[in-house]
Amino acid sequence: MLNVYNTLTRQKEEFIPLEKGKIKMYVCGPTVYDYFHIGNARSFINSDFIRKYLEYKGYEVTFAMNLTDIDDKIIKKANTENVPASEIANKFTKAFFEDITLLRIKPATIYPKATEHIDDIIAMVKTLVDKGYAYVSGGDVFYDISKFTSYGKLSGKNIDDLIEGSRVEINTTKTNPLDFALWKAAKPGEPSWVSPWGSGRPGWHIECSAMSCKHLGVTFDIHAGGNDLIFPHHENEIAQSEAANQKPFARYWFHFGFLNINNEKMSKSLGNFFTVRDFLKKYSPETIRFFFAQTHYGAPLNFSEEGLDGAHKGLQKIENLVARINELTPDATDISSDTSIDFAAFYELFEKAMDEDFNTPKACGVLFDFIKDANKALNSQSQSSKATLLEIRKFIEATAVNIFGITSFEKETESSVSLENELIELLIATRIEAKKAKQYPLSDFIRDELKKLGIMLQDGKDKTTYKKSSQ
RNA sequence: GGCGACGUACCCAAGUGGCUUAAGGGGAAGGUCUGCAAAACCUUUAUUCAUCGGUUCGAAUCCGAUCGUCGCCUCCA
């Protein structure tokens, strides 16, 4: 049984998809006007964990992530750089795909773009106007929130409080300052499309309503996004979709906590952010993913070097076990698998953790307990059992690899026959000879110099291995 | 001002009424291994959950107050 915290009901509830065995999931994607930062990455990676766990459980997941490719910020940037808006959008759409690939994020089933759904958007705006939920003012179309009685149900806000604390500029063309644009009249030099209200472009919120409806249906299972989207974005989506379709919109709402820096939200407007591409120069995608996995998706997480370094060290425990399995596998025998590892119990604990609102930190704990047991079992066996190694491998594969995406059994096997590696092996052999001759200054020199090059020698019981350092 | 979240060891972080006199990771300490190291592996590391009251047979977990931190109410993952 999978329990999830639903922002809409503000409580944990059992997750039951609309259609048995199938899940339709929508996550708000990027506005493609810049490289995305690791705060954005946290949402994308958490979505990835959730999606992959649902697939682990056997669900067929249709996962849609929108790309907002027409918007004020894109236009602003295009004007500054004196290029067409589409050029900006294309450039950063390409960058987005490059970055999520580096982060080992499984591609969505579909990435609908706003500019490719203008007809659907216009149709939905028209429906809202026809049904009386929206009004035309000049070439703009606004949503009249007073017509949607349950406005505020997701964010827990009420309209009166909002008006009182409103920092929205008074726009005289709107009936109510909180009414939001569904369609914006074109200004000179802006990209625009022909509509029943004159040429213009869609407002921000409407694309998600129109595209989710088109690709996932009127009512679908999961809608997720960052905490800051609850209001107004998601609130407005509900108002649009439920008014237009007269049917419930998303059934379960998940919201991701922020990645903070110095306990402040990391955001482009505050300027305190790192782009993913810069960040990947210093830390591996596995480290970033594991850093995120160790905190619950909904909780705020403070970014820190210490935290990243800690995650990297923890990650090495998993990688060490993987390396150990790889090393032992060729010499393993068919002796029966008689270990103290209770595999079934570990699967159960892992699933129990993930079933409790995708509790990845707890699941990581299970993973570490498993690693400890696996190491102990391997320590106690003078000869490795093929079956045991395979079982250990299967568990790591199913959890750490397939869901967290934090390691791999295939790493570096292809490049291991390079000249560089042969030279390292040669130096190791030289050092062993030096050690045999008790020429320790020479052996230490080789060790130290290789270390300076980022190659760590590891003297084992009967052989010396090496490891290239990386974050 | 309105709404909401949170405060657990040196640091990060699960746990939200009895299974927990609080998982896991980092750090630290000890051990095995080693020529010595490093790495690896093993062991140890909170009678206590911001503070103060209350409810209960029983609370870190529920309720109230206080202090502190953060977010949303404008674009933001």
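Residues numbered from 1 in each chain as written. Chains lettered and ligands numbered in written order. Predicted model: local features only at pLDDT ≥ 70, side-chain atom pairs only at ≥ 80, totals over all residues. Heavy atoms only, no water.

J.: Mind laying out the nonpolar core, listing which residues take part and the relevant values?
T.: Counting residues in hydrophobic clusters, the biggest one holds 82 residues, and the most contacted among them are Leu54, Ile392, Ile396 and Phe404. With residues up to four places along the chain from it excluded, the contact list for isoleucine 396 reads Ile318, Leu321, Val322, Leu367, Phe370, Val401, Thr407 and Phe409. Met124, Ile206, Cys208 and Phe249 belong to the second-largest nonpolar core, a separate cluster that totals 38 residues. (Core = buried A, V, L, I, M, F, W, Y, C linked by side-chain atoms within 4.5 Å. Buried < 20%, exposed > 50% of the residue type's maximum accessible area, 1.4 Å probe, protein only. Contact = heavy atoms within 4.5 Å.)

J.: Hey, could you go over the sheet that holds strand 6 (residues 140-143) for me, with residue numbers and the actual values?
T.: With antiparallel pairing, 4 strands are arranged side by side in an open sheet as 5-6-7-8. Edge positions in the open sheet fall to strand 5 (134-137) and strand 8 (200-202), since each of these has one partner strand only. Recorded for the sheet is a direction-independent mean angle of 20 degrees between the axes of neighbouring strands. Where strand 7 (residues 180-185) meets strand 8, 3 bridges bridge the pair, whose relative direction is antiparallel. By the bridge assignment, lysine 184 is partnered in strand 8 with arginine 201. (Pairing = 2+ DSSP bridges. Helix = DSSP H or I, 4+ residues; strand = E, 2+ residues; numbered from the N terminus. Axes fitted to C-alpha atoms, helices over the stretch in contact; angles between N-to-C directions.)

J.: Any chance you could break down the packing of helix 1 (residues 38-56) against helix 9 (residues 285-293) for me, citing the residues and the numbers?
T.: Packing of helix 1 against helix 9 brings their axes to within 10 Å, and their N-to-C directions diverge by 75 degrees. Here helix 1 is positioned roughly perpendicular relative to helix 9, judged by the angle of their axes. Between helix 1, through Ile38, Ala41, Arg42, Ile45, Asp48, Phe49 and Lys52, and helix 9, the contact on the second element is made entirely by Ile288, Arg289, Phe292 and Ala293. (Parallel < 35°, antiparallel > 145°, perpendicular 65-115°, else oblique.)

J.: Go over the pairing of strand 4 (residues 60-65), please, and point to the residues and values.
T.: Counting buried residues in strand 4 gives 5 out of 6 residues, a clear majority hidden from the surface. In this structure, strand 3 (residues 22-27) lies alongside strand 4, joined through 6 bridges in parallel fashion. Bridge pairing links tyrosine 26 to alanine 64 in strand 4. At this point the chain moves from strand 3, through helix 1, to the parallel strand 4, and the crossover so formed is right-handed. (Right-handed = clockwise from strand over helix to strand, strands pointing away.)

J.: Mind laying out the confidence of the model for chain A, listing which residues take part and the relevant values?
T.: Here chain A shows a mean pLDDT of 92. Residues at 70 or above account for 96%. Interface confidence in the predicted complex, given as ipTM, is 0.96; pTM for the same model is 0.95. (pLDDT = per-residue confidence, 0-100.)

J.: Please set out the pairing of strand 15 (residues 464-468) residue by residue, giving values where relevant.
T.: The pairing of strand 14 (residues 455-459) with strand 15 spans 5 bridges and is antiparallel. By the bridge assignment, aspartate 459 is partnered in strand 15 with threonine 464. The turn linking strand 14 back onto strand 15 is made up of 4 residues.

J.: For the packing of aromatic side chains, give the residues involved together with the corresponding values.
T.: The tally for this structure, following the rule as stated, stands at 38 aromatic pairs. Considering the side-chain rings of phenylalanine 15 and tyrosine 59, the 6.4 Å spacing of their centres and the 90 degrees angle between planes classify their relative orientation as edge-to-face. You can see phenylalanine 15 sitting in the loop between strand 2 (11-14) and strand 3 and its partner tyrosine 59 sitting in the loop between helix 1 and strand 4, a full 44 residues away along the chain. As far as the burial class goes, phenylalanine 15 and tyrosine 59 line up, both buried. Seen in terms of ring centroids, phenylalanine 49 and phenylalanine 404 are 5.4 Å apart; in terms of plane orientation they differ by 85 degrees. Their pairing is edge-to-face. Residue phenylalanine 49 is found in helix 1, and its partner phenylalanine 404 is found in helix 13 (residues 386-404); the two are separated by 355 residues along the sequence. (Phe/Tyr/Trp six-rings, centres within 6.5 Å; stacked < 30°, edge-to-face > 60°.)

J.: How would you summarise the pattern of salt bridges if you had to cite specific residues and measurements?
T.: Within this structure, the stated rule accounts for 29 salt bridges. For aspartate 120, the salt bridge is made with lysine 214, and the minimal N-O distance between the two is 3.4 Å. Here the residue aspartate 120 occupies a position in helix 4 (residues 118-130), and lysine 214 occupies one in helix 6 (residues 204-216), the gap between them amounting to 94 residues. Its relative accessible area of 25% is what places aspartate 120 among the partly exposed residues. Between aspartate 459 and lysine 435 there is a salt bridge; the shortest N-O distance is 3.3 Å. Taken together, the positions of aspartate 459 in strand 14 and lysine 435 in helix 14 (residues 419-436) put the pair 24 residues apart, joining distant regions of the chain. Given the relative accessible area of 41%, aspartate 459 is considered partly exposed. A single network of salt bridges, built from pairs that share partners, joins Asp72, Lys184, Glu190 and Arg201. (Salt bridge = Lys/Arg side-chain N within 4 Å of Asp/Glu carboxyl O.)

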